[in-house]
Amino acid sequence: MMKEIQLVFDALKIPSRIVITMHQKPDPDAMGSSLALYHFLKGMGHDTTVISPTNWADFLKWMPGADSVIDFESNGQVAKNILSEAEWIFCLDFNHFSRTRHMQTILESLACKKVLIDHHREPQLDSFDFGNSDIRKSSTAEMIYDFIQLSGRSDLINKDIASCLYAGVMADTGSFRFSSTSPSVHFMVAGLMSHGIEHAKIHSLVHDNFQENRLRFIGHVLSNRLEVLYEYNTALIAIPKADILRFHIKTGDTEGLVNYPLSIQGIEMAALLIDRDEERKWSFRSKESFDCNTFARTYFEGGGHYNASGGRSSESVEENVKRFKMALKEFTNNTKQ
Ligand code: 5GP
Ligand code: MN
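Structural notes, computed from the coordinates. Within any chain, residue numbers begin from 1 and follow the written order of that chain's sequence. Lettering for chains starts from A, numbering for ligands starts from 1, and both go in the order in which the items are written. Only residues with pLDDT of at least 70 are given local features in this predicted model, and only at 80 or more are side-chain atom pairs given and counted; all residues enter the totals for whole chains, interfaces and linings. Hydrogens and water are ignored here; the side-chain numbers use all heavy atoms of the structure.

With that settled, the discussion passes to the layout of surface pockets. Site definitions follow a grid-based scheme: protein atoms alone, a 1 Å grid, a 1.4 Å probe that fits but cannot get out for cavities, and for pockets an open set with protein on both sides within 12 Å along at least five of seven lines, plus lining residues having an atom within 4 Å of a point. Grid points are joined across faces, edges and corners, and a volume is the space filled by probe spheres set on the points. Approximately 260 Å³ is the volume attributed to the second largest pocket. Considering the residues around the second largest pocket, the lining is formed by 14 residues, among which Y232, N233, E268, F290 and T332 are closest to the centre. For the lining of the second largest pocket, the element with the most residues is helix 12 (residues 317-336), which contributes five residues. For the lining of the second largest pocket, a count of residues per class yields five nonpolar, five polar and four charged. Each helix is a run of H or I in the DSSP string that is no shorter than four residues. Each strand is a run of E no shorter than two, and both are numbered from the N terminus. In this count, Pro and Cys sit with the nonpolar residues alongside Ala, Val, Leu, Ile, Met, Phe, Trp and Tyr, while Asp, Glu, Lys and Arg are called charged and the others, Gly among them, polar.

Here it is in C-alpha cells:
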C-alpha cells in the first residue's frame with residue numbers, strides 16, 4: 001500500500017541517487033513540476049536526473065534545467081543505465097506506468113523506491129511505495145510546491161524553481177480560469193512571485209512561442225476539419241496525417257487546439273483526434289457536466305480528469321470518428337437516465 005508522502009523526508013536525509021520521470025510528451029505541468037523538483041532535490045544534496053519518456057515541445061526548452069533532461073526515446077541506453085542505478089524514482093503528473101510508453105516495463109521491474117505525485121483519477125496505487133494522489137489539486141506543480149513546504153526546506157525555493165512551478169500551474173489551470181483554481185493556487189502564485197518570477201514573460205514563452213506554420217495549420221483545421229454536433233452539444237476535430245505533413249506539425253504544435261470549439265455557445269464537449277505515426281491520439285475537454293475521464297476510459301483506452309482527458313486507438317481516423325459518434329450517443333443516453 002502506498003505510504004504518505006511525508007515519510008520520504010526521513011529516508012531522504014541521506015544523499016541518494018534519484019530519477020524523476022513524467023508522462024510521455026510532457027506538457028508544461030509535467031516538465032515544470034519535474035524540473036522544480038529536480039532543482040529542489042539537488043539543493044538537498046541528491047544526485048538527481050530527470051528522464052522524459054519521449055521528446056517534448058520547443059516551448060518548454062526555456063525552462064531552467066531543460067537542457068539536462070534525458071529523452072528515453074532518443075537516448076535509451078544512457079537512460080537505462082541511470083534508471084538501473086537509481087535508489088528512488090519520483091513519478092510526476094501520471095499515475096499509471098502505461099503513460100510512460102516504452103519505459104513502462106522498465107519502471108515496473110525496478111526494485112528501487114517509487115514515489116507518486118499526481119492529480120489524475122484512478123491511480124495505480126499498488127505500484128508505489130510513497131506518494132500523494134489528489135484529484136482536487138490544480139496541477140502537479142501545486143503538489144510539488146506543497147511537497148517543498150512540507151519538507152520544511154522552502155528556503156531552497158529560488159527563481160528557477162518558482163518559474164518552473166508557475167509555468168506548470170499556469171498551464172494546468174488554463175491561466176487561472178478553470179474551476180480547479182482554488183484559493184491555494186493564488187496563495188502559491190503570490191509566494192512564487194516573491195521570488196521575482198517574470199510571469200508575463202513565462203506566459204509568452206509557453207503560449208506565444210510558435211512558428212507561422214502552426215497558426216496557418218490552426219486556420220486550416222478550424223475551417224476544414226471542425227464538425228459541430230449541436231444535438232450533443234459537442235464539437236469534433238479530426239486531423240488526418242496529410243495535414244500534419246503538409247504543415248510540418250511537430251510535438252507541441254497541437255497543444256491547446258482542442259479548446260477552440262469550447263468557445264462556441266452551447267458547446268460543452270470538444271474532442272480532437274490526431275493521426276500520429278504509431279496510433280490515433282484523442283483529447284477531450286468539457287465544460288459543465290460531461291465526464292471526460294469516464295468517456296475516455298470507456299471508449300478509448302484513456303483517462304485523465306473530469307473536464308480534460310485523453311485516449312488512443314490503433315484503428316484508422318475514419319473508424320475512430322465512427323466509434324466516437326456511436327460512443328457519444330450511447331454515453332449521452334446512459335448519463336441522461
Ligand atoms: P491531453 O489531451 O492534453 O493529451 O491530455 C489531457 C489529460 O488527459 C492529461 O491530464 C493527460 O495526462 C490525460 N491523458 C491524455 N492521454 C491519456 C491516456 O492515453 N491515458 C490516460 N490515462 N490519460 C491520458
Ligand atoms: Mn498536470
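Below, the discussion takes up the packing of aromatic side chains. When the centres of two rings from Phe, Tyr and Trp lie within 6.5 Å, Trp using its six-membered ring, the rings pair. Their planes under 30 degrees apart give stacked, over 60 give edge-to-face, and anything left gives tilted. Tallied over the entire structure, the rule returns 22 aromatic pairs. Ring centres of F295 and Y299 lie 5.2 Å apart, and the angle between their planes is 50°; this geometry places the pair in the tilted category. Note that F295 and Y299 are positioned in helix 11 (residues 292-299) at a spacing of four residues, about one turn of the helix. The exposure class assigned to F295 is buried, which follows from its relative accessible area of 0%. A cation over a ring is seen here: R214 above F210, with NZ or CZ 3.8 Å from the ring centre. Here, over-ring charges are defined by two tests on the NZ atom of lysine or the CZ atom of arginine: distance to the ring centre within 6 Å, and angle to the ring normal within 35 degrees. Here the basic side chain of R323 rests over the ring of F300, its NZ or CZ set 5.8 Å away from the ring centre. Only protein chains enter the accessibility calculation, which uses a 1.4 Å probe; a residue whose area is less than 20% of its type maximum is buried, one above 50% is exposed, and one in between is partly exposed.

A word on the sheet that holds strand 9 (residues 234-239). Each pair of strands is called paired provided DSSP finds at least two bridges between the two strands. Ordered in space as 8-9-10-11-13-12, the six strands form an open sheet in which the pairing is mixed. Edge strands, defined here as strands with exactly one partner in the open sheet, are strand 8 (226-229) and strand 12 (303-304).

Moving on to helix 5 (residues 140-151). Compared with an ideal rise of 1.5 Å per residue, which puts twelve residues at 16 Å, helix 5 spans 16 Å between its outermost C-alpha atoms and is within 8% of the ideal. With nine of its twelve residues buried, helix 5 lies for the most part within the structure. Listed as buried for helix 5 are T140, A141, E142, M143, I144, Y145, F147, I148 and S151. Positive phi appears at G152, one or two residues downstream of helix 5, with a value of about 80°. Helix span is expected to be 1.5 Å times the residue number reduced by one.

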